[in-house]
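A closer look at the structure
Here is how the chains run, residue by residue.
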Amino acid sequence: MLGEEIRSRRKRLGLTQKALAALINVKPTTMCQYENGTNEMSFAVLKSIAEALKCSTVDLAYEELALPGSSETFDEKIRGAAEQKEDEPAFADPLDTEIFKLLKDLDKVAKEKVIAYMRDQKSLTVYYSAVRRRR
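Residues numbered from 1 in each chain as written. Predicted model: local features only at pLDDT ≥ 70, side-chain atom pairs only at ≥ 80, totals over all residues. Heavy atoms only, no water.

1. Quick look at unusual backbone geometry
- Notably, Asn25 is not glycine yet its phi reads approximately 65°, a positive angle.
- Within the secondary structure layout, Asn25 lies in the loop between helix H2 (17–24) and helix H3 (28–36).
- The class of Asn25 is exposed, set by a relative accessible area of 72%.
- The phi dihedral of Lys54 is positive, around 55°, even though this residue is not glycine.
- Mapped onto the elements of the fold, Lys54 is located in the loop between helix H4 (43–52) and helix H5 (57–61).
- Its relative accessible area of 72% is what places Lys54 among the exposed residues. (Helix = DSSP H or I, 4+ residues; strand = E, 2+ residues; numbered from the N terminus. Buried < 20%, exposed > 50% of the residue type's maximum accessible area, 1.4 Å probe, protein only.)

2. Overview of the nonpolar core
- If you look at the biggest cluster of nonpolar residues, it comprises 17 residues, and the most contacted ones within it are Ile6, Leu20, Met31, Met41, Ile49 and Leu60.
- Secondary-structure elements contributing two or more residues to this core are helix H1 (2–12), H2, H3, H4 and H5.
- Tallying contributions element by element places H4 first for this core, with 5 residues.
- Setting aside residues no more than four positions away along its own chain, Met31 makes contact with Ile6, Gln17, Leu20, Ala21, Ile24, Val26 and Ile49. (Core = buried A, V, L, I, M, F, W, Y, C linked by side-chain atoms within 4.5 Å. Contact = heavy atoms within 4.5 Å.)

3. Some details on H2
- Among all positions of H2, only Leu20, Ala21 and Ile24 are buried. Down the axis of H2, the buried side of the element spans an arc of 105°, and every buried residue falls inside it. H2 presents Lys18, Ala22 and Leu23 as exposed residues on the side facing more than 90 degrees away from its buried surface.
- Against the buried residues of H2 lie H1, H3 and H4.
- In the segment just after H2, Asn25 is the residue with positive phi, at about 65°. (Arc of directions from axis to C-beta.)

4. So, a nonpolar patch on the surface
- Taken together, the side chains of Ile99, Tyr117 and Met118 make up a nonpolar region of the molecular surface, amounting to roughly 290 Å² of accessible area.
- On the secondary structure map, Ile99 appears in helix H7 (residues 94–104).
- Under the relative-accessibility criterion, Ile99 is labelled partly exposed at 38%. (Patch = residues over 30% accessible without salt bridge, like charges linked within 9 Å, V, L, I, M, F, W, Y side chains within 5 Å. Areas by Shrake-Rupley, 256 points an atom, 1.4 Å probe, with all protein chains shown as cover. Salt bridge = Lys/Arg side-chain N within 4 Å of Asp/Glu carboxyl O.)

5. Notes on the environment of Leu106
- Here Leu106 is to be found in the loop between H7 and helix H8 (108–134).
- With a relative accessible area of 31%, Leu106 lands in the partly exposed category.

6. Let's talk about the environment of Leu60
- Turning to its location among the elements, Leu60 is positioned in helix H5.
- Considering only alpha carbons, one finds Leu60 and Gly3, 57 residues apart in sequence, at a separation of 8.4 Å.
- When residues no more than four places from it in sequence are discounted, the contact partners of Leu60 are Leu2, Glu5, Ile6, Arg9, Leu46, Ile49, Ala50, Leu53 and Cys55.

7. Things to note about the side chain of Arg9
- Assignment of secondary structure puts Arg9 in helix H1.
- There is a polar contact of 2.8 Å between the side chain of Arg9 and the side chain of Glu5. (Polar contact = N/O pair within 3.5 Å; in protein donor to acceptor, adjacent residues only side chain to side chain.)

8. Remarks on the pattern of salt bridges
- On inspection of all chains with the given rule, the structure shows 4 salt bridges.
- Measuring nitrogen to oxygen at the nearest pair gives 3.3 Å for the salt bridge that ties Glu35 to Arg7. Note that Glu35 is positioned in helix H3 and Arg7 in helix H1, a separation of 28 residues in sequence.
- For Glu35, a relative accessible area of 1% puts it in the buried group.
- For Arg10, the salt bridge identified is with Glu35, shortest N-O distance 2.6 Å. With Arg10 in helix H1 and Glu35 in helix H3, this pair connects stretches of sequence that are 25 residues apart. Here the two residues Arg10 and Glu35 agree in accessibility, since each one is buried.
- Here the salt bridges share partners, and the residues they tie into one network are Glu5, Arg9 and Arg12.

Structural data, given as structure tokens:
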């Protein structure tokens, strides 16, 4: 569970709930609710928690993402993604391979959400590129 992983990592770093809450700019009661699973957090909050706990969001949410565990580093996961099966397309970038593998196992609704998110990110990238060119 996400909250349990946050609690475990927080304690390993010697942080209190109050200290972690201060680091991510939420109330201590909200932090408690995140850890107990009684309050859902946004991805932005999850990212802030991961940064404060010196890990990745995947390390915190591996169970929710149906990954085998968080002991593997991101680089190890990418290297593993590069080892391909014959029925999978070959990508030059190992991240593209990882994206392909993760997407093919999602249901239609989840795929639509991922695509919407990716389109939003593409729009933001184009916008910020245009802003940088104007400077």
